[in-house]
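Remarks on the overall topology
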Amino acid sequence: MFIDFSANRQTAVARTSWDLAFSSKAGEFRVLLNSANGMLVRATNKTDLGSVTTADTVGFGGQLSLGAIFGVATSVEDPADLPAWILETTTWMDDPKGDITKTAIASISATDSENKVYIVNRGTGVSNAALGWKKVRVTRDGDGYSLQYADINSSTITTVKVAKNADTDLTYASMTSNSTVGVEPAAADWDIAWTGFTNTTNFGPGTPSFPYYFQDVVIQNTSGVATAQVLTATVSYDAFAEANLTGITFVDNNQINIGSSWRSTGPPPGPVGQKTDRFYLVKDAEGNIYKLMFTALTSDGERGKPSFKFDLVKKGS
């Protein structure tokens, strides 16, 4: 769900409507995974898509999924007993903070022979239905991209040409519809989004981080949007006004600066719901500053339908 405060607009997008997102920025050739589906990828040492078979995925079944990783990560008492591959798992996902230089798929090279084939677990969709595995290769096509993919053991290859869209930061493609698809609004038309999200977690000091699925995550548009957290112990939401902006530090380079910090999910007997001891400030690309407070984690007890309120604190110049 994309949210634009200045237009008081919400735009809902099915998370299974796309698989890969391609940077539209000039001179940048990066591919992002659908974090909302828990997608993970691993590179092969091959550049010929047709030559990749199930032999190239031996052992992946017990490794390349969020469920498999969690199962292994929680299976031992001593972290030293974990298999070495657990330490690699965060490289199978994109950087949670949104650093475009830290994508699981390497920057797409102008030298065609440098672009590897990746094994892709597309993750899960509605009701945790498996979306399947693919072998994928991306090359440059002029100023755009050429996406090729197939089932792991298939020689039938589908090709989708992906042209950069000057209005959006990313251009999206679906391996279900075999086409590019519209997903995010124009870069200037959204501020934050609510989503499920592949983040990292660990189980305390000395334990490795690994990919883990977070529900109810708020991400921010890193093209011109910045956010900050305010604790109600300092000033209440209702009392916060333009004069209170002095000394506030806004963050514009971390898409999960709000992240999951707005809610608590336990563990029992801890509280489950939105946190009432904080609210947030959102500065949009036009310089408007809004205060934002979440008022519910659920709707009629159903997770996935949060509520919030927002008010303009300062109008942009």
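For the structure itself, consult the block above.
Let me begin by describing the structure that accompanies this report.

**Topic: the overall build of the chain**
- The helix and strand tally for the chain stands at one helix and 19 strands.
- By the compact-globule yardstick of 20 Å for 317 residues, the chain fits well, its C-alpha radius of gyration being 21 Å.
- Expressed along its principal axes, the backbone C-alpha trace of the chain runs to roughly 65 × 50 × 35 Å.
- Every one of the 317 residues in the chain was classed for burial, and the buried ones make up 44%.
- Sequence separation of at least 24 residues holds for 59% of the intrachain contacts in the chain that already meet a minimum separation of 6.
- Taken as a whole, the chain presents about 14,900 Å² of accessible surface, with 48% of it coming from carbon and sulfur.
- Charged side chains of the chain number 26 positive and 32 negative; the gap between the two group centres comes to 1 Å.

**What to know about unusual backbone geometry**
- Phi is positive for Asn8, which is not a glycine, with a value near 50°.
- Position of Asn8 among the secondary structure elements: in the loop between strand S1 (2–4) and strand S2 (9–11).
- One non-glycine residue with positive phi stands out, namely Asp216, at about 60°.
- Secondary-structure assignment places Asp216 in strand S13 (residues 210–220).
- Take Asp216: its relative accessible area is 2%, and that puts it in the buried class.

**Re the pattern of salt bridges**
- For the structure on display, the rule yields ten salt bridges.
- Put simply, Arg278 and Asp277 hold a salt bridge, and the shortest N to O gap is 2.9 Å.
- Relative accessible area serves as the criterion here: at 15%, Arg278 is assigned to the buried category.

**Overview of the sheet that holds strand S10 (residues 170–174)**
- Strand order across the open sheet formed by four strands is S4-S3-S10-S11, with antiparallel pairing between neighbours. Single-partner strands in this sheet number two, and they are strand S4 (31–33) and strand S11 (179–181). For this sheet the average axis-to-axis angle between neighbouring strands, irrespective of direction, equals 35°.
- Across three bridges, the pairing between strand S3 (residues 20–23) and S4 is antiparallel.

**Section: the pairing of strand S18 (residues 289–299)**
- By the criterion of burial, S18 is predominantly enclosed, with eight of the eleven residues buried.
- Inspection of the sheet shows strand S17 (residues 278–283) paired to S18 by four bridges, in the antiparallel sense. The residue bridging Lys283 from the neighbouring strand is Ile289, located in S18.
- From the end of S17 to the start of S18, which pair antiparallel, there are five residues, and Gly287 there has a positive phi angle of about 90°.
- Bridging between S18 and strand S19 (residues 302–314) involves nine bridges; their strand directions are antiparallel. Bridge pairing links Ser299 to Glu302 in S19.

**A look at the packing of aromatic side chains**
- Here the structure, examined in full by the defined rule, presents 19 aromatic pairs.
- With 6.3 Å between their ring centres and 65° between their planes, Phe70 and Phe203 make a pair best called edge-to-face. Taken together, the positions of Phe70 in helix H1 (residues 66–73) and Phe203 in the loop between strand S12 (192–201) and S13 put the pair 133 residues apart, joining distant regions of the chain.
- Its relative accessible area of 48% is what places Phe203 among the partly exposed residues.
- Where Trp85 meets Trp92, the ring centres are 6.1 Å apart and the plane angle is 5°; that geometry is what we call stacked. Each member of the pair, Trp85 as well as Trp92, is classed as buried.
- Against the face of Phe60 rests Arg42, its NZ or CZ located 4.1 Å from the ring centre.

**Some remarks on the environment of Val120**
- Note on placement: Val120 falls in strand S6 (residues 118–121).
- In this structure the C-alpha to C-alpha distance between Val120 and Ser65, which are 55 residues apart in sequence, comes to 9.8 Å.

**Some thoughts on the side chain of Asp191**
- Relative to the elements of secondary structure, Asp191 occurs in the loop between S11 and S12.
- Buried within the structure, Asp191 lacks any salt-bridge partner; its nearest side chain of opposite charge belongs to Arg9, at an N-O separation of 8.1 Å.

About the criteria used
Residues numbered from 1 in each chain as written. Predicted model: local features only at pLDDT ≥ 70, side-chain atom pairs only at ≥ 80, totals over all residues. Heavy atoms only, no water. Helix = DSSP H or I, 4+ residues; strand = E, 2+ residues; numbered from the N terminus. Rg over C-alpha atoms; globule rule 2.2 N^0.38 Å. Buried < 20%, exposed > 50% of the residue type's maximum accessible area, 1.4 Å probe, protein only. Contact = heavy atoms within 4.5 Å. Areas by Shrake-Rupley, 256 points an atom, 1.4 Å probe, with all protein chains shown as cover. Lys, Arg positive; Asp, Glu negative; His and termini not counted. Charge placed at Lys NZ, Arg CZ, Asp CG, Glu CD. Salt bridge = Lys/Arg side-chain N within 4 Å of Asp/Glu carboxyl O. Pairing = 2+ DSSP bridges. Axes fitted to C-alpha atoms, helices over the stretch in contact; angles between N-to-C directions. Phe/Tyr/Trp six-rings, centres within 6.5 Å; stacked < 30°, edge-to-face > 60°. Lys NZ or Arg CZ within 6 Å of the ring centre and 35° of its normal.

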